[in-house]
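# Reading the structure
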Amino acid sequence: MTAVVLDGIVLGLQFAILGAGLTLVYGLGGVVNLAHGQMAVFSAIVIARLIDHGVSTFLAVMIGIAAVGVLGLLIDLSLMKPVYRQKGESRVLLGLLLMLGVGFIIDGVLEWKYPIEALTIRISGDPIPILGVNMRRGSLIASGIIVVVGASLVLFFRFTTFGRATRSVIQDERGARLCGVNPATVRTVIFGLSGVLAGVVAVTRAMSTPVVSTAGVDLTIFALIVAVVGGLGSVSGSFFAGILLGIVNTFSAFYIGTYITTIVLLLAAALTIVLRPSGLLGEKP
Amino acid sequence: MTVLELAGVEKHFGGLPAVNGVSLTVDEGEILALVGPNGAGKSTLLKAISGLQPATRGSAKFFGEELVGMKAHVVRQLGISMVLQTPRVFESMTVRENVIVGATFGVTGDRPSAAQAFARAEDALGFVGLAGYADAEVDSLNLHQQRFLELARSLAGQPKLLLLDEVMAGLNDTELQASIDIVRTARDELGVTVIWVEHVMKAVMSLAERVVVLNFGQILADGSPADVMAHPEVVTAYLGTEMKT
Amino acid sequence: MTASTASAKEGAPNTAARGSATAFRDFAPIAVVAVLLALVPLNFHDSRSMMTVIIAGMLFLSYTIAFNVIFGSTGQLFLCTGALAGIGGFGSVILSDRVGIPMTLSIVLAGAVAAVFGGLLSWIAVSRSLDTIFTGIVTLAFSLSFQNFVLGRRDLTGGENGLRVEAGKDGLLDTQVKPYYVFLALAVAYLILFRLLQRSHIGWAFRALRDDEVAAELSGVDVTRYRVYAGIIGSAMLGVAGAIFAHHRGFIGTSTYSFGSVDVRVLVMLAFGGIGTLIGPVLGAAVFTILDEILVSYAQLREVLYGVVTVGLFLGFRQGVIPALSSLWDRVVSSGGRGRKST
Ligand SMILES: Nc1ncnc2c1ncn2[C@@H]1O[C@H](COP(=O)(O)OP(=O)(O)O)[C@@H](O)[C@H]1O
Ligand SMILES: [Mg+2]
């Protein structure tokens with residue numbers, strides 16, 4: 001029982017960081033990044049290739065995360081420009097379709113060039129008992145990293161000028177512009193940051209399960225579910241939803257069975273939208 | 001005969017009352033002007049009647065039938081038609097097509113045939129003076145014409161009660177006179193009852209038979225134009241500043 | 001209105017005459033498309049693989065028209081095209097092979113089941129007033145749930161091994177050329193249905209609510225009802241198309257109706273051709289079927305190129321090709337009178 005909950009939290013933290021990356025980009029510019037999972041896999045494969053070539057794991061991880069961050073910046077600076085020129089529903093639709101295309105491209109390249117590549121980061125050492133449950137070191141380190149990253153995100157948005165600027169753009173783009181914040185710059189930086197978060201997903205996930213080159217679509221779907229349940233645009237909501245869904249996931253997998261589990265998660269997302277469109281923590285409609 | 005009977009109508013936005021207990025009886029064939037300062041709740045009251053923004057509390061009866069809780073299209077099909085302060089037209093359609101939608105769906109009873117709806121749309125366009133624009137795209141109309149397109153779309157459904165929200169703002173004298181005539185003819189020839197929000201005092205004085213003053217969501221005065229204008233509270237609350245217009 | 005009876009009498013013959021003129025203009029494109037597509041097998045009838053490709057193209061044309069009824073006409077982003085077709089496909093196969101209902105009836109029944117699901121999804125979306133993106137996510141969740149259900153309920157669906165289909169083995173749907181014409185007939189029927197909808201009062205309601213929901217409600221259009229109509233009609237079309245395909249193919253599996261293999265392509269085909277237009281789906285299905293065929297030789301690169309083409313197309317033709325062409329056409333003939341906005 002405790003073991004199931006702890007496993008759920010470990011998984012949930014990964015869900016959380018996955019959802020956070022997607023939710024930030026949506027909150028700022030209305031773009032549903034349907035290539036988010038593929039971006040994570042991209043970074044995983046970069047890291048795996050570097051390690052294959054003898055680069056030290058730490059350096060490879062740093063380069064891989066930086067690479068996907070740059071990828072995010074580039075996507076925003078090129079493809080997203082015409083999207084941001086649109087308004088309302090047509091912006092959402094164009095952004096979604098373009099990112100769908102980008103997802104194909106990344107997926108296709110990876111499957112074409114590196115069909116059997118996978119990233120595994122082995123953390124050696126004995127399991128550590130927590131609340132009487134033996135937890136694998138890899139899982140614990142991964143969770144530790146996510147907690148640190150998540151806490152830094154919260155601090156960043158609370159206490160730095162740029163973080164506050166970001167929040168002001170999420171709340172009211174026009175108002176932010178009047179206060180001297182340039183929404184375009186904020187969006188670009190945040191798209192890059194979202195890429196970095198995708199990289200963090202790849203690395204932390206690889207500490208417990210291999211991240212294979214075809215995992216992109218599934219990761220995108222999980223990101224979407226988490227972001228929706230947490231409330232699109234809300235990072236803290238993503239963390240809450242991620243952990244909740246992680247626990248639901250392990251519980252349902254443990255007590256019910258696998259295919260029902262996914263359906264339970266999906267229904268959770270659908271129900272959230274239908275009952276509380278602004279997310280579990282958001283205001284009632 | 002009583003067309004509309006409001007009893008304690010309230011509309012709150014996040015706890016703040018925009019309309020705060022309005023009770024009012026409107027008789028058939030009346031032209032009632034609803035006046036009051038900006039933010040008094042006039043538009044909100046009309047939207048509450050028409051079902052666009054359902055009332056939070058109270059009752060609104062149309063020929064005895066309760067409107068609160070009805071969706072906007074049902075209210076329209078009962079015979080209450082509204083023209084919004086900011087016109088909302090169908091952008092991808094021509095002027096005539098806009099009116100055909102109203103003639104097809106916004107009617108009481110059975111849906112008319114295509115030919116019937118077409119004919120009614122033509123009539124309504126002629127009535128508001130837009131016959132010459134029937135085939136034009138709506139974005140070639142100015143704001144004033146778009147309001148009258150909405151009026152035509154309303155009339156095409158042969159309503160019994162018209163709710164007009166500041167349709168005469170920003171008109172020159174000739175246009176204003178033409179608009180006043182249209183509304184009066186609608187009442188005289190088509191037998192429509194009119195509730196009409198207006199800022200243009202000249203139009204109110206010449207067209208309205210009854211004036212209701214709304215302030216902070218409540219009725220401040222109700223009577224003939226002359227009586228209401230003489231009402232001391234009205235003068236201080238509202239007319240003192242705006243009468244010159 | 002006092003004058004209305006008089007001018008109604010004048011108006012009626014007038015509109016009737018115009019009616020037959022517009023009827024010709026409205027249905028002629030469908031006839032042209034039908035004739036052109038009927039000629040396609042003349043070139044390919046002895047190539048089994050080409051016939052497979054063009055039958056798939058035809059199937060996707062039907063899917064895309066159906067999706068166009070839902071998304072193009074009423075703006076509901078249904079990301080469960082494949083799942084609804086799959087409900088039709090698996091449903092019809094289970095009904096005919098397991099329950100023993102005659103194939104034709106089971107296709108109709110399965111279509112009805114898909115219609116019920118689609119109508120429900122639509123009703124949920126409309127009554128909770130979900131916007132495009134939320135409708136998309138809810139239907140995507142439905143779509144993925146269906147996929148997981150197919151994977152999990154092996155006893156019914158064969159799971160990852162798929163399901164052999166017995167009904168339809170011999171007859172109209174067997175082999176290649178005859179089924180092509182069955183699918184062509186289906187697609188043409190769908191085009192005609194789409195046009196009939198456009199011309200009816202339902203089409204007026206669709207246009208009105210697409211343009212402005214509030215204005216539509218104010219004009220007396222029951223927005224909820226017509227959205228749900230679109231959901232029901234489009235889903236029934238999807239279910240029937242998916243079911244006929246199952247009986248033709250003789251085998252259905254998890255990827256036959258998956259999000260990746262159906263929805264994505266349908267969305268791209270429609271957006272490319274022109275959302276809400278009659279001919280857009282024809283053009284989209286044709287172009288992407290040909291593109292797929294060209295890319296077959298570069299199997300590994302296929303997904304990449306597909307992505308590149310998708311991105312390129314949406315950057316270039318944001319409204320779709322048919323609207324772009326028709327506005328060009330309007331400019332060319334603008335001396336001769338106003339162009340029509342709808343195609
Ligand atoms: N959708 C809304 N949400 C919140 N407040 C609103 C909304 N619509 C109107 N209000 C508020 O209700 C009050 C009355 O507005 P309105 O009816 O438009 O006034 P009027 O038409 O008399 O100028 C105003 O204080 C306005 O700010
Ligand atoms: Mg107002």
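In case you missed it, the structure is sitting above this.
An account of the accompanying structure is given in this report. (Residues numbered from 1 in each chain as written. Chains lettered and ligands numbered in written order. Predicted model: local features only at pLDDT ≥ 70, side-chain atom pairs only at ≥ 80, totals over all residues. Heavy atoms only, no water.)

Before going further, it helps to examine the overall build of chain A. When you go through chain A residue by residue, the secondary structure sums to 12 helices and four strands. Against the compact-globule benchmark of 19 Å for 285 residues, chain A has a radius of gyration of 18 Å, which places it among compact chains. Overall, the C-alpha framework of chain A stretches about 55 × 45 × 35 Å when taken along its three principal axes. Put simply, chain A has 285 residues, and 53% of those count as buried. Residue pairs at least 24 apart in sequence account for 76% of intrachain contacts in chain A once pairs closer than 6 positions are excluded. Surface exposure of chain A reaches about 12,100 Å², of which carbon and sulfur atoms provide 67%. Computed over 18 positive and 12 negative side-chain charges, the separation of the two mean positions in chain A equals 9 Å. (Helix = DSSP H or I, 4+ residues; strand = E, 2+ residues; numbered from the N terminus. Rg over C-alpha atoms; globule rule 2.2 N^0.38 Å. Buried < 20%, exposed > 50% of the residue type's maximum accessible area, 1.4 Å probe, protein only. Contact = heavy atoms within 4.5 Å. Areas by Shrake-Rupley, 256 points an atom, 1.4 Å probe, with all protein chains shown as cover. Lys, Arg positive; Asp, Glu negative; His and termini not counted. Charge placed at Lys NZ, Arg CZ, Asp CG, Glu CD.)

The subject of this paragraph is the sheet that holds strand β3 (residues 31–35) of chain B. All names here are of chain B. Strand order across the open sheet formed by six strands is β6-β7-β8-β3-β9-β10, with mixed pairing between neighbours. Each of the sheet's edge strands pairs with one partner strand only, and the pair in question is β6 (80–83) and β10 (218–223). Each neighbouring strand pair of the sheet contributes to a mean axis angle of 15 degrees, computed without reference to strand direction. Helix α1 (residues 42–50) rests against β3, β6, β7 (161–165), β8 (193–197) and β9 (210–215) of the sheet, and its axis sits at about 150 degrees to β7. (Pairing = 2+ DSSP bridges. Axes fitted to C-alpha atoms, helices over the stretch in contact; angles between N-to-C directions.)

This part covers the interface of chain C and chain A. With 35 residues of chain C at the contact, the number on the chain A side is 36 residues. Note on chain C versus chain A: buried area summed over both sides is about 3,300 Å², and carbon and sulfur give 80% of it. Applying the counting rule to chain C against chain A returns zero salt bridges. Counting the contacts that link chain C with chain A gives two residue pairs in polar contact (both at pLDDT 80 or more). Among the secondary structure elements, those contributing two or more residues to the side of chain C that touches chain A are α5 (132–152), α11 (259–273) and α13 (302–316) of chain C. With 12 residues, the single largest contributor to the side of chain C that touches chain A is α5 of chain C. (Buried area = accessible area lost by both parts, 1.4 Å probe. Salt bridge = Lys/Arg side-chain N within 4 Å of Asp/Glu carboxyl O. Polar contact = N/O pair within 3.5 Å; in protein donor to acceptor, adjacent residues only side chain to side chain.)

Put simply, the ideal angle at a metal is 109.5 degrees for four donors in tetrahedral geometry and 90 or 180 degrees for six donors in octahedral geometry. All names here are of chain B. Distances from the magnesium ion (ligand 2) to its protein donors, namely Ser43 (OG) and Gln85 (OE1), fall within the range 2.0 to 2.3 Å. You can see Ser43 sitting in helix α1 and its partner Gln85 sitting in the loop between β6 and α3 (95–105), a full 42 residues away along the chain. Exposure remark for Gln85: the relative accessible area of 31% places this residue in the partly exposed category. (Donors = N, O, S within 2.8 Å, 3.2 Å for Na, K, Ca; no water.)

On to the nonpolar core. Core analysis: the biggest nonpolar cluster contains 242 residues, and Met80 of chain A, Met168 and Trp196 of chain B together with Tyr63 of chain C have the highest contact counts within it. If you tally residues by element for this core, the top one is helix α2 (residues 48–74) of chain C, at 14 residues. Once you skip the residues sitting within four places of it in the chain, Met80 of chain A turns out to touch Val31, Ile75, Leu98, Met99 and Phe191 of chain A. If you look at the next biggest cluster of nonpolar residues, it comprises 32 residues, including Leu4, Ala40, Ile80 and Ile195 of chain B. (Core = buried A, V, L, I, M, F, W, Y, C linked by side-chain atoms within 4.5 Å.)

Moving on to the interface of chain C and chain B. Facing the 29 residues of chain C at the interface are 36 residues of chain B. Between chain C and chain B we count two salt bridges in total. Where Glu97 of chain B meets Arg207 of chain C, a salt bridge forms, and the shortest distance between an N and an O atom there is 3.2 Å. Across the contact surface, chain C and chain B share 13 residue pairs in polar contact (both at pLDDT 80 or more). Of all the secondary structure elements, the ones that give two or more residues to the side of chain C that touches chain B are α1 (4–44), α8 (201–211), α9 (213–218) and α10 (223–249) of chain C. Partitioned by chemical class, the residues of the side of chain C that touches chain B number 13 nonpolar, eight polar and eight charged. (Nonpolar A, V, L, I, M, F, W, Y, C, P; charged D, E, K, R; others polar.)

Turning to the sheet that holds strand β4 (residues 57–62) of chain B, a few remarks are in order. Residue and element names in this part refer to chain B. One open sheet accounts for four strands, arranged β2-β1-β4-β5; its pairing is antiparallel. Each edge of the open sheet is held by one strand with a lone partner, namely β2 (16–27) and β5 (65–66). As judged from the five bridges shared by strand β1 (residues 2–13) and β4, these two strands associate in the antiparallel manner. Looking across to β4, one finds that Glu5 is bridged to Lys61. Relative to the sheet, α1 contacts β1 and β2, its axis offset from that of β1 by approximately 115 degrees.

Under the defined criterion, the tally for this structure stands at 14 aromatic pairs over all chains. Measuring from centroid to centroid gives 5.4 Å for Tyr226 of chain C and Tyr229 of chain C, while their planes differ by 85 degrees, and the two rings are edge-to-face. One end of the pair is Tyr226 of chain C and the other is Tyr229 of chain C, both in helix α10 and three residues apart, which spans about a single turn. One aromatic cluster in this structure is built from Phe156, Phe157 and Phe162 of chain A. We note Lys113 of chain A situated over the ring of Trp112 of chain A; from NZ or CZ to the ring centre the distance is 4.9 Å. Looking at Arg187 of chain A, its charged tip hangs above the ring of Tyr84 of chain A, at a distance of 3.9 Å from the centre. (Phe/Tyr/Trp six-rings, centres within 6.5 Å; stacked < 30°, edge-to-face > 60°. Lys NZ or Arg CZ within 6 Å of the ring centre and 35° of its normal.)

Residues and elements named next belong to chain B. Surrounding ligand 1, one finds Phe13, Ala18, Pro37, Asn38, Gly39, Ala40, Gly41, Lys42, Ser43, Thr44 and Gln53. Gly39 has a polar backbone atom sitting 2.8 Å from an oxygen atom of ligand 1. At 2.7 Å, a side-chain N or O of Ser43 approaches an oxygen atom of ligand 1. Look at ligand 1: alone it shows 560 Å² of surface, and the protein chains cover 56% of it. Residue composition of the shell around ligand 1, by class: four nonpolar, six polar and one charged. (Near = heavy atom within 4 Å.)

Further remarks concern the pattern of salt bridges. Pairing between side chains of opposite charge can happen when the charged atoms of each approach one another. Residue and element names in this part refer to chain C. As enumerated under the stated definition, the model contains 18 salt bridges over all chains in all. Between Arg227 and Glu213 there is a salt bridge, with its nearest N and O atoms 3.3 Å apart. Taken together, the positions of Arg227 in helix α10 and Glu213 in helix α9 put the pair 14 residues apart, joining distant regions of the chain. Exposure remark for Arg227: the relative accessible area of 12% places this residue in the buried category.

Residue and element names in this part refer to chain A. Locating Ile65 in the fold gives a position in helix α3 (residues 57–77). Each C-alpha atom, one on Ile65 and one on Met207, is 15 Å from the other, the two residues being 142 residues apart in sequence. Those residues in contact with Ile65, other than ones at most four positions away along the chain, are Val196, Gly199, Val200 and Val203.

Turning to the packing of α3 of chain B against helix α4 (residues 114–128) of chain B, a few remarks are in order. All names here are of chain B. Where α3 contacts α4, the axes come no closer than 8 Å and their chain directions differ by 115 degrees. Here the hand of the crossing between α3 and α4 comes out right-handed. Between α3 and α4, the contacting residues are Val95, Arg96, Val99, Ile100, Ala103 and Thr104 on the first element and Ala117, Phe118, Arg120, Ala121, Glu122, Ala124 and Leu125 on the second. A class-by-class count of the residues in the contact of α3 with α4 yields nine nonpolar, one polar and three charged. (Left-handed = near helix turned anticlockwise from the far one by under 90°.)

Glancing now at the pairing of β3 of chain B. Residues and elements named next belong to chain B. Of all the five residues making up β3, five are buried; the element is thus mostly covered by neighbouring parts of the structure. As judged from the four bridges shared by β3 and β8, these two strands associate in the parallel manner. The residue bridging Ile31 from the neighbouring strand is Val194, located in β8. Summarising the sheet, β3 and β9 pair through four bridges and their orientation is parallel. When the bridges of β9 are listed, Leu32 appears paired with Arg210.

Residues and elements named next belong to chain C. One way to put it is that helix α7 (residues 177–199) packs onto α10 with a least axis distance of 11 Å and a crossing angle of 175 degrees. Classed by the angle they form, the pair α7 and α10 counts as roughly antiparallel. Along its contact with α7, which presents Pro179, Val182, Phe183, Leu186, Tyr190, Leu193 and Leu197, the element α10 presents Ile233, Ala236, Met237, Val240, Ala241, Ile244, Phe245 and His248. The residue inventory of the contact of α7 with α10, partitioned by class, reads 14 nonpolar, one polar and no charged. (Parallel < 35°, antiparallel > 145°, perpendicular 65-115°, else oblique.)

What follows deals with α4 of chain B. For α4 of chain B, spanning 15 residues, the distance from its first C-alpha to its last is 21 Å, which sits close to the expected 21 Å at 1.5 Å a residue. Along α4 of chain B, the residues that are buried comprise Ala117, Phe118, Ala119, Arg120, Ala121, Asp123, Ala124, Leu125, Phe127 and Val128 of chain B. (Expected span 1.5 Å × (residues − 1).)

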